[in-house]
Amino acid sequence: MSKSKLQWGGRFAGGPDAIMQAINVSIGFDRKLWQQDINGSRAHAAMLGKCGIITPQDEAAITAGLEAIEQEIETGHFVFAEALEDIHTNIEARLIERIGEAGRRLHTGRSRNDQVATDFRLFVRDAIDGMAAQIKDLMRALADRAAEHAGTIMPGFTHLQTAQPITFGHHLLAYVEMLARDQGRLADCRVRLNECPLGAAALAGTSYPIDRAMTAATLGFDRPTANSLDSVSDRDFALEFLAALAILAMHLSRFAEEMIIWTSNIVGFVSLSDAFTTGSSIMPQKRNPDAAELTRAKTGRITGALVALLTVMKGLPMAYAKDMQEDKEPVFDAIAAASLSLAATTGMVRDMRANTQTMRQAAGLGFATATDLADYLVRALALPFRDAHHITGRIVALAEARGIDLAAIPLADMQAIEPRIKDEIFGCLSVEASVASRTSYGGTAPDNVAAQARKWLEELT
C-alpha cells in the first residue's frame, strides 16, 4: 500500500513495521460500522454541498459513489484491505478509486475522530433499538405464560428455603418488571446518546462554515454535541449501554438459574423439550438445560465488556487517543451475547411446560402457611405481631417434632399453646387460602396476577 493512500501518509518517509501494522489495524472488527459510515458520509456530503463548501457536481458524484460502494458491500464484492487500517479509510479509498478527485473532498471539515464517534453512536443506537424489541418480545412471552398460570400455586422462596405459597404467574411477572426497568435504562441511554459529534473534527472544531445542525437532523440525532473536545473523547454512551446490558444479563442469568433448578429431576417444576436441551455423551437418560446454562455464562462476557471499556477509558487525557480503538470489540461482543441470551430465554419461556401438580405439592411443604397462622392470631386475637410470631413458632416446632403439617395439628394441641385459637384457624392453613388472601397491590392473589398479566399484555401489543 503506497503512503499516498494512507490518510496520514504525507508526513512519513517510510511505512509501518509489520508489528505496528498488526496492532494498529482495526478493519477486522470495525467493518461492522460500514452502514453507519456510509450514512454519515452521505449526510456530511449533503451538508458540504448545501453550505457551498463543495460543488453540486462533487456532491452528486460522492453520493452516487457511496451508493455504489453500499451495493458492493451488501453483495459481498467489496474488498476490505488491512493495509488501509479501518472501515473509514477503506470506504474513502474505494470512493476515490471510483469517482476520482471529488472523493478526496469528502473529508473536508471532519476528522476520523468525529467520524468514528458518529459511526459508533449510530451503531449503538441501532443496537439499542434492536435490543428493546427483543426485550419486549421476552416480556410478552412471560406475560402470556403468567396469564396462563395466574392461579398455579408454587412455593415462594427466600434463601432458597420455602417461605410462602405464591403463584407461578406471579413469579414470572417479577421478571417482566425487571425487564421493564432494563427497557427504561436502554431508553434513557438512547436519549443521552442521541447527540451528533460530526463536525467536531479532530478536537477543536473546524474553520469551514459547516452546518452541524443539518447533519445531526439528517442522521436522526436530536442536536449536535456542544463541545468539540468532549465530542471526540466521549465514550460514556457506550459505557452506559454496556452497564444497561450487564444488568439485563444479570436478570437473564437469574432466570436461567431458576430454570436450571426447576428442570432438575429433584425439583421438577418445569420441563423443557428437545428444542432447548441437549443430551449426554455417556448417560443416555440425561436432558441438560444447556440453553439456560449458556445464558447464565454469557453474563460474564457482558460484564467483562463493561469492565474492559471502563479500564480503557479510565486514564485517558483529552481528547482522542488510539486506546479508544479498543472501544468497539467489547461492545460488539456484548451485543451478540445479549441478543443471543434474549433469544434463548424467550424460546425457553415459550417452550417450557409447568408441572402444576409437583408445584402444588411442594408449595405445602416446609410449613409454608406459618405466616398465615401468625396473621390470623393478629386479626382474630388482636395480638401484637411479635407475640403472634412467637406463638406460631411454637406451633411450627410442635408440627416439626411430630412430622406433620400445620393443618394436621389437633385444635386442642394448638389451644394448649394459645387457648383462644378457634377451629376457624384451619381455614387459613391451606396453600389455596394463603395465596387467595394476598390481595394487596402487587400481591400474589390469582385475581391480582391475572389483572397484572392483562395490563402488561395490553401495553406490549
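Note: the structure precedes this text.
Residues numbered from 1 in each chain as written. Predicted model: local features only at pLDDT ≥ 70, side-chain atom pairs only at ≥ 80, totals over all residues. Heavy atoms only, no water.

## Section: the pairing of strand 1 (residues 153-158)
Two faces, one strand: in a regular strand the side chains alternate between the faces of the sheet.
Stage number 1. In the sheet, strand 1 pairs with strand 2 (residues 161-167) via six bridges, with the strands oriented antiparallel. Pairing of Gly156 across the sheet is with Gln164, part of strand 2.
Stage number 2. Taken together, strand 1 and the strand that follows it, strand 2, pair antiparallel across an intervening segment of two residues, in which His159 is found at a positive phi of about 60 degrees. (Pairing = 2+ DSSP bridges. Helix = DSSP H or I, 4+ residues; strand = E, 2+ residues; numbered from the N terminus.)

## Quick look at the packing of aromatic side chains
Stage number 1. Within the structure shown, the criterion is met by six aromatic pairs.
Stage number 2. With 5.5 Å between their ring centres and 75 degrees between their planes, Phe120 and Phe237 make a pair best called edge-to-face. Of this pair, Phe120 sits in helix 7 (residues 112-148) while Phe237 sits in helix 11 (residues 236-262), and the two are 117 residues apart along the sequence.
Stage number 3. We classify Phe237 as buried; its relative accessible area is 3%.
Stage number 4. Centroid distance Phe255 to Trp262: 6.3 Å. Interplanar angle 90 degrees. Geometry classified as edge-to-face. Of the two residues, Phe255 and Trp262, both sit in the buried class.
Stage number 5. Lying over the aromatic face of Phe221, Arg125 brings its terminal NZ or CZ to 4.9 Å of the ring centre. (Phe/Tyr/Trp six-rings, centres within 6.5 Å; stacked < 30°, edge-to-face > 60°. Buried < 20%, exposed > 50% of the residue type's maximum accessible area, 1.4 Å probe, protein only. Lys NZ or Arg CZ within 6 Å of the ring centre and 35° of its normal.)

## Remarks on the nonpolar core
It is characteristic of soluble globular proteins that their nonpolar side chains tend to be buried jointly.
Stage number 1. With 91 residues, the main nonpolar core has Met131, Leu142, Phe168, Phe241, Leu245, Met259 and Val331 as its most contacted residues.
Stage number 2. By residue number, the principal contributor to this core is helix 11, which donates 16 residues.
Stage number 3. The residues touching Leu245, leaving out its near neighbours within four places in the chain, are Met131, Leu186, Ile302, Ala334, Ile335 and Ala338. (Core = buried A, V, L, I, M, F, W, Y, C linked by side-chain atoms within 4.5 Å. Contact = heavy atoms within 4.5 Å.)

## Describing the packing of helix 7 against helix 8 (residues 168-193)
Stage number 1. Taken N-terminus to C-terminus, the directions of helix 7 and helix 8 make an angle of 165 degrees; their axes are 9 Å apart at the nearest point. Here helix 7 is positioned roughly antiparallel relative to helix 8, judged by the angle of their axes. Of the two elements, helix 7 crosses helix 8, and the hand of that crossing is left-handed.
Stage number 2. Per-class residue counts for the contact of helix 7 with helix 8 are 19 nonpolar, two polar and eight charged. (Axes fitted to C-alpha atoms, helices over the stretch in contact; angles between N-to-C directions. Parallel < 35°, antiparallel > 145°, perpendicular 65-115°, else oblique. Left-handed = near helix turned anticlockwise from the far one by under 90°. Nonpolar A, V, L, I, M, F, W, Y, C, P; charged D, E, K, R; others polar.)

## Some remarks on unusual backbone geometry
Stage number 1. With an omega of 0 degrees, the peptide bond between Met318 and Ala319 qualifies as cis.
Stage number 2. The phi angle at His159 is positive, at roughly 60 degrees, despite the residue not being glycine.
Stage number 3. Mapped onto the elements, His159 comes out in the loop between strand 1 and strand 2.
Stage number 4. Backbone geometry at Ala201 places phi at a positive 60 degrees, although glycine is not the residue there.
Stage number 5. Looking at the secondary structure, you find Ala201 in the loop between strand 3 (195-196) and helix 9 (212-218).
Stage number 6. Residue classification places Ala201 among the buried positions, given a relative accessible area of 8%.

## As for the environment of Arg185
Stage number 1. Along the chain, Arg185 turns up in helix 8.
Stage number 2. Arg185 sits 13 residues away from Leu172 along the chain, and the two C-alpha atoms are 21 Å apart.
Stage number 3. Here the side chain of Arg185 touches Asp182 through a polar contact of 3.1 Å, side chain to side chain. (Polar contact = N/O pair within 3.5 Å; in protein donor to acceptor, adjacent residues only side chain to side chain.)

Shape is all these values report; function is a separate question.
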